Amino acid sequence: MQDLSMVFEGAAGQGVQTITRLLLPALKRSGLEVFACTEFMSRIRGGSNSTEIRVASIPRRAYLKRIDLLFALSTRARENLGERIGSGTLVFADPAECPLFPEGTCIAAPVRTLALQAGSPVYSNTVVAGMVFGLLGLPPEPLQESVGRAFSLKGEDIAESNRHAAMLGYDWGGSCPAGERLALPEVQPKEAGELMIMDGISALGVGTVAAGCNFISSYPMSPSTGLLTWLARQAGDFGIVVDQAEDEIAAVNAGLGASYAGARAVVTTSGGGFDLMQEGLSLAGIMELPLVVHLGQRPGPATGMPTRTEQGDLGLVVHAGHGEFPRAVFAPGTHEELATLAGHAFGVAARFQMPAFILTDQFLLDAETTVDADALRRLYPVDGVTETGDAYRRYAFTPDGLSPRGVPGFGSGVVRADSHEHTEEGLITERFELRHRMMEKRLGRLRTLREEALMPTAIGPVGDARTLLVGWGSNRGVIEEALELLGEPAIAGLHFPQVFPLNPAVATLIGDRRVVVLENNATGQFADLLLPETGIRAARRILKATGEPFSVEEVLEALQEEVRP
Amino acid sequence: MNDRQTRFDMPPHTDVAWCPGCGNHLLLRAVKGALEECGIDPLRLVMVSGIGQAAKAPQYISSHMFNGLHGRALPAALGIRLANRNLTVVVESGDGDMYGEGGNHFLHAIRRNFDVTVIVHNNMVYGLTKGQASPTSQTGMKTPVQVQGVMLEPFNPLAVAIALDAPFVARSFAGDEALTQRIIAEAIRFRGCAIVDVFQPCVIFNRLNTYQWFREHTAPVPESHDPTDRLQAFALALQSEPLPLGVFYRNENRALYEDLVAIAEEPLFRQPPPSLEAIERMLGPFRQG
């Protein structure tokens, strides 16, 4: 057995995330690699949400359609997950809450009864975590430790009741004959290093704080709000100014005002909110102000599917804002990259005095897994501002087009930022020749930006492959796993952590090999970008825009077409 | 008072884009006079504006400047103040910019009550786009768009500001330079969001509300008026014949947003990078042993 896929389903408000919070560290402490991803409905209570926890002997970071073990905790589980339940699925349902399924092997699990035995129905989720540990035949200690850590702050009584609930579940699971059908992946003994488990938005938040971000103004919008709440939580410790704006237009303009005054500013939003920010983005362009924009994608157009996932806004961020000005777009593929690329985006925005994007999506932001703590600790030097002199000119012409960045209140110079075309002093002008030079000044930095653009990450033996599977952002995990399962040396993968602009060396790297682009959208937006940026034409596009992430199975199936004669 | 010199003057050859006779010239002089009167350091002052003829005012003042987007001066001003609370921030824009395009920001700037002086050049017409109605245009005024005459009741910025408990609400007339300078100076000295609506004749597109019209339809706020009385101030704001000029409302008791959210004295650009110890603390809750 390579890996085990467990799904926990419940209504919103039922607290299914407690199960994840207990199981992930406990399973990891038991020597297993863990990855969890979540799908949920746009509502506060009711409905049917689910979390998939994958347990494997090697790290995984992709969504698997197959379910080996399902805990159905709401009446709508079958409606939501029915098509993923196969003959191999072991379904556990509490007859007190959910009718038993005709599909798969359905077992009545007395979750509520055991929770009541422990003292209250609120312990149901802890009971389930205990049942899982019992069913898998794992020693209970790591779970007990998780329970202790999770509930210690709530008082000894509550912690003790939860430990009791966990053990009641554990004993039931251990004596359930169905457990014998669940084979765990082989555990390879490893050095017990530092263990850290994190969701995507927290990884992004850690990287943002470590980059020295000290200002956020934003308006809540799923799935991007987590960065706003994260920075609000860290505000006291790090001196971060947090402002909840009245709308996204205010958010971006406040961010730019702060950046003008020397703050390291970020705004977080999703597609619809970013639409409102576009004029502000254009303002950042002409004012040459650093600004980091986090855009957590969800399916559009308009309201679309607010809690689902998609990669539909790449074209938007690359072309957003009227007029022509430089920008960079980063698309993290792992939790470590969420942190490191956040840092990198702040560095690039500051150095090139322009907007830089971090483009993520619901799948990656809500996914939870173990992270390499060292990657999160790296500090990113952000270019500081310069003290101005009497003759300071904010937009002074320089060989590389980058003028020293002064801020008001630091030095004896006057700092003028203007949305109009302007002189070197930052005052309005309509002189055509000056306009031409200012355009060259702003766009000239694109050359260095391209030359220093991050190269794609190789997945598998890229050098020997005849076909390259190309992806970006959150699809890194599914590409890695599908290629590994395919085991075909003629096909390797390239993952782009930076999607705009592209490094000129990409054309050489790919050469004349067959390029298959995989994207979580309906038209193939990166494939469309690859041609003008590198001259490379995608031979095939593997696309999906249902609101779900790609599953390992469907990518594998799509790739099998590549190897058939 | 035409030849006064201030530390805020631009070089004499500066090309000013306003029409001869425009009320903006008078208002600019009053603003510079008020800044001088208040002893403001030009290197500690940021003039912020949106877009329109009025919004060009910061281009003609020697100090730091953020001339941003149409309607968006207030959010930018907020960002500047939150990033560096040692700066004096003065916003200058027109009625279209502040009450039309930026209406939502006007409401929320007052709700926040950060330290900013908001000077609205209110000429009751759109000048730069050539004569369409503004939110404050009088009913009946014919324009190239409102061909039958303006049908909507004008926006009442003072009544709205007082309803939101803006802590300083005043109105002046650019034709009365001494009054305008005095009110703007008081607004700059006021700690909080100070709203100053200034009647400013547009000599090209508004043939209705001329210098003469404003003189005939305005009168000083009565001496008996108590500006700390919110209801009295509100009644004054609803009065139209004549339109009162002066300080309508002052509330010294509203907390400053910068204090409420504990903005540090030290500007953000001086902040050192985060320490490794603080980063370790941040990572703590994720550590599982």
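Rules used throughout
- Residues numbered from 1 in each chain as written.
- Chains lettered and ligands numbered in written order.
- Predicted model: local features only at pLDDT ≥ 70, side-chain atom pairs only at ≥ 80, totals over all residues.
- Helix = DSSP H or I, 4+ residues; strand = E, 2+ residues; numbered from the N terminus.
- Rg over C-alpha atoms; globule rule 2.2 N^0.38 Å.
- Contact = placed C-beta atoms within 7 Å.
- Buried ≥ 20, exposed ≤ 12 C-beta atoms within 10 Å, placed from the backbone.
- Core = buried A, V, L, I, M, F, W, Y, C linked by C-beta atoms within 7 Å.
- Nonpolar A, V, L, I, M, F, W, Y, C, P; charged D, E, K, R; others polar.
- Pairing = 2+ DSSP bridges.
- Axes fitted to C-alpha atoms, helices over the stretch in contact; angles between N-to-C directions.
- Expected span 1.5 Å × (residues − 1).
- Arc of directions from axis to C-beta.
- Domains from an automatic or database assignment.
- pLDDT = per-residue confidence, 0-100.
- Left-handed = near helix turned anticlockwise from the far one by under 90°.
- Parallel < 35°, antiparallel > 145°, perpendicular 65-115°, else oblique.

Caption draft 1: Spotlight on the overall build of chain B. Scanning chain B from terminus to terminus reveals 10 helices and 8 strands. Computed over the C-alpha atoms, the radius of gyration of chain B is 20 Å, within 12% of the 19 Å expected from 2.2 N^0.38 for a compact globule of 289 residues. Projected onto the principal axes, the alpha-carbon positions of chain B cover approximately 75 × 45 × 40 Å. Partitioning the intrachain contacts of chain B with sequence separation of at least 6 by distance along the chain shows that 71% fall at a separation of at least 24.

Caption draft 2: Inspection of the overall build of chain A at higher detail. Along the backbone of chain A there are 19 helices and 21 strands. Its C-alpha atoms give chain A principal-axis dimensions of about 85 × 65 × 45 Å. A buried classification covers 56% of the 565 residues belonging to chain A.

Caption draft 3: Seen up close, the nonpolar core. One finds B:Ile80, B:Val169 and B:Val196 to be the most contacted residues of the largest nonpolar core, which totals 255 residues. Among the elements that make up this core, the one with the highest residue count is helix 12 (residues 335-352) of chain A (10 residues).

Caption draft 4: Up close: the interface of chain B and chain A. Taken together, the contact between chain B and chain A spans 44 residues of the former and 60 residues of the latter. Elements represented by at least two residues in the side of chain B that touches chain A include exactly strand 2 (64-67), helix 2 (73-83), helix 4 (103-112) and helix 10 (276-283) of chain B. Of all the elements, helix 2 of chain B adds the most residues to the side of chain B that touches chain A, at 8 residues. Of the residues in the side of chain B that touches chain A, the class split is 25 nonpolar, 15 polar and 4 charged. Two strands pair when backbone bridges link them, and strand 15 (residues 416-418) of chain A and strand 2 of chain B are joined in this way by 3 bridges, in the parallel orientation. Within strand 2 of chain B, the residue paired with A:Arg416 across the bridge is B:Met65.

Caption draft 5: Seen up close, the sheet that holds strand 20 (residues 514-519) of chain A. Residues and elements named next belong to chain A. If you walk across this open sheet you meet the 5 strands as 16-18-17-20-21, and the pairing is mixed. A strand with exactly one partner marks an edge of an open sheet, and here the two such strands are strand 16 (457-459) and strand 21 (540-543). Between one strand and the next, the sheet's axes are offset by a mean angle of 25°, whatever the strand orientation. Sheet topology places strand 17 (residues 467-472) next to strand 20; 4 bridges connect them, and they run parallel.

Caption draft 6: Quick peek at helix 19 (residues 552-563) of chain A. Residues and elements named next belong to chain A. The terminal C-alpha atoms of helix 19 lie 17 Å apart, and with 12 residues this matches the ideal 16 Å at 1.5 Å per residue to within 8%. Along helix 19, the positions that sit buried rather than exposed are Val552, Val555 and Leu559. End-on view of helix 19: buried residues confined to an arc of 70°, all on one side of the axis. Exposed side chains of helix 19 directed beyond 90 degrees from the buried face belong to Glu557 and Glu561.

Caption draft 7: A look at the sheet that holds strand 3 (residues 46-56) of chain A. Residue and element names in this part refer to chain A. Strand order in the open sheet formed by 8 strands is 6-5-4-1-3-2-14-7, and the pairing between neighbours is mixed. Either end of the sheet is taken by a strand with one partner, and the two such strands are strand 6 (105-108) and strand 7 (197-199). Each strand axis lies, on average, 20° off the axis of its neighbour in the sheet, ignoring direction. The pairing of strand 2 (residues 33-39) with strand 14 (residues 368-370) spans 2 bridges and is classified as antiparallel. Looking at strand 14, one finds that Phe35 is bridged to Thr369.

Caption draft 8: Representation of the domain arrangement of chain A in the model. Residue and element names in this part refer to chain A. By the assigned domains, chain A splits into domain 1 (3-181), domain 2 (198-377), domain 3 (385-452) and domain 4 (457-563). One C-alpha centre belongs to domain 2, the other to domain 3; they are set 25 Å apart. Contacts between the two partners involve 14 residues from domain 2 and, on the opposite side, 12 residues from domain 3. Per-element tally for the side of domain 2 that touches domain 3: the top contributor is helix 10 (residues 271-287), with 4 residues.

Caption draft 9: Representation of the confidence of the model for chain B within the structure. For chain B, the mean per-residue pLDDT works out to 96, and 99% of the residues sit at or above 70. Both scores are given for the predicted complex: the pTM is 0.97, the ipTM 0.98.

Caption draft 10: Expanded view of unusual backbone geometry. Across the junction of A:Gly300 and A:Pro301, the peptide omega takes the value -5°, indicating a cis bond. Positionally, A:Pro301 belongs in the loop between strand 11 (291-297) and helix 11 (314-319). Here the bond from B:Glu241 into B:Pro242 is cis, since omega is -5°, no more than 30 degrees from zero. Positive phi is not limited to glycine here, since A:Ala302 has a value of about 50°. Mapped onto the elements of the fold, A:Ala302 is located in the loop between strand 11 and helix 11. For A:Ala302, a count of 7 C-beta atoms within 10 Å gives the class exposed. Phi is positive for B:Asn113, close to 60°, though the residue is something other than glycine. Of note, B:Asn113 is situated in the loop between helix 4 and strand 4 (116-122).

Caption draft 11: Region of interest: the environment of A:Leu402. Residue and element names in this part refer to chain A. Looking at where Leu402 falls in the secondary structure, it is placed in the loop between helix 14 (373-377) and strand 15. Residue classification places Leu402 among the partly exposed positions, given that 19 C-beta atoms sit within 10 Å. Once the C-alpha coordinates of Leu402 and Thr467 are considered, the two residues, 65 residues apart in sequence, prove to be 40 Å apart. Sequence-distant contacts of Leu402, that is, excluding residues within four places in its chain, are made with Gln353 and Arg445.

Caption draft 12: Quick peek at the packing of helix 3 (residues 111-118) of chain A against helix 6 (residues 156-175) of chain A. Residue and element names in this part refer to chain A. At a minimum axis separation of 9 Å, helix 3 and helix 6 run at an interaxial angle of 140°. As helix 3 packs across helix 6, the resulting crossing turns out to be right-handed. Across the interface between the two elements, Leu114, Ala115, Gln117 and Ala118 of helix 3 pack against Ser161, His164, Ala165, Leu168, Gly169 and Trp172 of helix 6. Residue composition of the contact of helix 3 with helix 6, by class: 6 nonpolar, 4 polar and no charged.

Caption draft 13: Main features of the pairing of strand 1 (residues 45-49) of chain B. All names here are of chain B. Burial runs high along strand 1: 5 of the 5 residues are buried. Where strand 1 lies against strand 3 (residues 88-94), 4 bridges are found, and the strand directions are parallel. Across the sheet, residue Val48 finds its bridge partner in strand 3, namely Val91. The sheet contact formed by strand 1 and strand 2 spans 4 bridges and is parallel. Paired with Met47 across the two strands is Met65, which belongs to strand 2.

Caption draft 14: Summary view of the environment of B:Gly175. All names here are of chain B. With respect to the helices and strands, the residue Gly175 is situated in the loop between strand 5 (168-173) and helix 6 (177-189). Expressed as a C-alpha distance, the spacing of Gly175 and Leu26, which sit 149 residues apart in the sequence, is 6.9 Å. Each residue touching Gly175, except ones within four places of it in the same chain, is listed here: Gly23, Leu26, Tyr211, Phe214 and Arg215.

Caption draft 15: Representation of helix 16 (residues 476-486) of chain A in the model. All names here are of chain A. Among the 11 residues in helix 16, 8 count as buried, and that is most of the element. In this structure, the buried residues of helix 16 make contact with strand 16, strand 17, strand 18 (491-496), strand 20 and helix 19. With its phi angle positive at about 60°, Gly487 sits one or two positions after the end of helix 16.

Caption draft 16: Structural context of the packing of helix 1 (residues 23-37) of chain B against helix 6 of chain B. Residues and elements named next belong to chain B. Where helix 1 meets helix 6, the axes come as close as 8 Å, and the angle between the chain directions of the two elements is 45°. By the criterion of interaxial angle, the relationship of helix 1 to helix 6 is oblique. Relative to helix 6, the crossing made by helix 1 is right-handed. Taking contact as the criterion, the partners of Leu26, Leu27, Arg29, Ala30, Val31, Gly33, Ala34, Leu35 and Glu37 in helix 1 are, on helix 6, Glu177, Thr180, Gln181, Ile184, Ala185 and Ile188. Tallied by class, the residues present in the contact of helix 1 with helix 6 amount to 9 nonpolar, 3 polar and 3 charged.

Caption draft 17: Focus on the environment of A:Val517. All names here are of chain A. Tracing the backbone through its elements, the reader meets Val517 in strand 20. Judged by C-beta crowding, with 24 C-beta atoms within 10 Å, Val517 ranks as buried. Note: C-alpha distance between Val517 and Asp528 (11 residues apart in sequence) is 9.9 Å.

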